[in-house]
Amino acid sequence: MKFLSFFLSSALLPLLTSSFSVNRVFVGTPSKTDARLVQDCMTSNPVTLLPSTTVDEAIQDLLRLGFNGAPVVDPESNNLVGVVSAFDFLQKEEGGALLPMQGSPQELESVIRSARKICATTVGDLMTPVAITITPTTTMRDAAAIMIKDRLHRLCVVEEETGKLIGVLATSDVMKDVLTTVRQALPESEGENLSP
């Protein structure tokens with residue numbers, strides 16, 4: 001709250017009272033901070049699932065660990081092969097659906113994916129095979145933009161050359177980074193009052 005009052009009194013109010021723009025105000029994150037990279041904020045060596053894991057085992061493991069999804073990796077290469085989320089499990093829980101068997105090739109592909117998820121017995125059947133990935137050198141700003149655009153709660157971090165999974169960046173990691181950024185932008189006495 002102190003940050004907000006500091007920001008309003010020192011930065012925003014002069015803008016509001018100036019004559020150049022009374023109807024619009026630009027609001028953004030502080031620009032005085034260094035650009036942070038995903039490798040600084042990601043969770044390394046994340047919990048993963050194998051394509052051969054049964055759906056029931058996956059649900060039990062994820063619930064026990066407090067997660068609602070996980071990357072799926074090839075057991076030999078540790079390369080990312082997909083991702084499974086709570087939404088995939090929800091489709092399975094539906095237990096059945098009346099699916100149209102006509103339409104464009106894209107619509108039929110969507111029907112096939114839905115049918116596969118409903119009938120899935122393994123994580124390999126249930127997962128989304130094409131996961132959106134980022135690299136460790138992606139900026140946190142770019143990673144957050146991808147999460148917003150694609151409405152994702154987590155992004156898999158892979159080595160550029162090999163496709164090997166090396167981490168996961170979750171929305172909670174982005175929120176921690178925002179707090180760090182705000183602390184860096186505030187005068188020392190203001191930033192000390194913000195706790196993680």
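Just above sits the structure.
So, a few notes on the structure that sits alongside this text. Everything numeric here is computed off the predicted structure, so don't read it as measured data.

**Examining the overall build of the protein**
Here comes step 1: Along its length, the protein carries nine helices and six strands.
Here comes step 2: In the protein, which comprises 196 residues, the proportion classed as buried is 30%.
Here comes step 3: Once local pairs closer than 6 in sequence are excluded, the contacts in the protein between residues at least 24 apart make up 57%.
Here comes step 4: Surface summary for the protein: the accessible area is close to 12700 Å², and the carbon and sulfur share equals 57%.

**Topic: helix H7 (residues 140-150)**
Here comes step 1: Every buried residue of H7 is listed here: Met140, Ala143, Ala144 and Met147. Viewed along the axis of H7, the buried residues span an arc of 100°, placing them on a single side of the element. Turned more than 90 degrees away from the buried face of H7, the exposed residues are Arg141 and Lys149.
Here comes step 2: Turning to H7, the residues buried within the fold contact helix H2 (38-41), strand S4 (133-134), strand S5 (154-158), strand S6 (165-170) and helix H8 (171-185).

**Digging into helix H3 (residues 55-65)**
Here comes step 1: Taken residue by residue, H3 has Val55, Ala58 and Leu62 as its buried positions. Down the axis of H3, the smallest arc covering the buried residues is 60°, so these residues share one side. For H3, exposure combined with an orientation more than 90 degrees from the buried face picks out Asp56, Gln60, Leu63 and Arg64.
Here comes step 2: Where H3 ends, the next residue or the one after it, Gly66, has phi of about 80°, a positive value.

**Things to note about the pattern of salt bridges**
Here comes step 1: In total, this model carries three salt bridges according to the counting rule given.
Here comes step 2: Measuring nitrogen to oxygen at the nearest pair gives 3.3 Å for the salt bridge that ties Asp61 to Arg64. Pair noted here: Asp61 and Arg64 are both in helix H3, with a separation of three residues, about one helical turn.
Here comes step 3: Classification of Arg64 as exposed rests on a relative accessible area of 60%.

**Structural notes on the environment of Asn78**
Here comes step 1: Note on placement: Asn78 falls in the loop between strand S2 (69-73) and strand S3 (80-85).
Here comes step 2: As for Asn78 and Gly163, which are separated by 85 residues in sequence, their C-alpha atoms are 8.6 Å apart.
Here comes step 3: In contact with Asn78, not counting residues within four places along its chain, are Val73, Lys164 and Leu165.

**Some points on a nonpolar patch on the surface**
Here comes step 1: Taken together, the side chains of Val47, Leu65 and Phe67 present a nonpolar region at the surface, about 240 Å² in accessible area.
Here comes step 2: If you trace the backbone, Val47 turns up in the loop between strand S1 (43-44) and H3.

**Observations regarding the pairing of S5**
Here comes step 1: The element S5 is largely enclosed, with a buried count of five among its five residues.
Here comes step 2: Here S5 shows two buried faces, one formed by Arg154, Cys156 and Val158 and the other by Leu155 and Val157.
Here comes step 3: In this sheet, S5 lies alongside S4 in parallel orientation, the contact comprising two bridges. Note on S5: the bridge partner recorded for Ile134 is Val157.

Basis of the calculations
Residues numbered from 1 in each chain as written. Predicted model: local features only at pLDDT ≥ 70, side-chain atom pairs only at ≥ 80, totals over all residues. Heavy atoms only, no water. Helix = DSSP H or I, 4+ residues; strand = E, 2+ residues; numbered from the N terminus. Buried < 20%, exposed > 50% of the residue type's maximum accessible area, 1.4 Å probe, protein only. Contact = heavy atoms within 4.5 Å. Areas by Shrake-Rupley, 256 points an atom, 1.4 Å probe, with all protein chains shown as cover. Arc of directions from axis to C-beta. Salt bridge = Lys/Arg side-chain N within 4 Å of Asp/Glu carboxyl O. Patch = residues over 30% accessible without salt bridge, like charges linked within 9 Å, V, L, I, M, F, W, Y side chains within 5 Å. Pairing = 2+ DSSP bridges.

Geometric descriptors of this kind do not, in isolation, establish any biological role.
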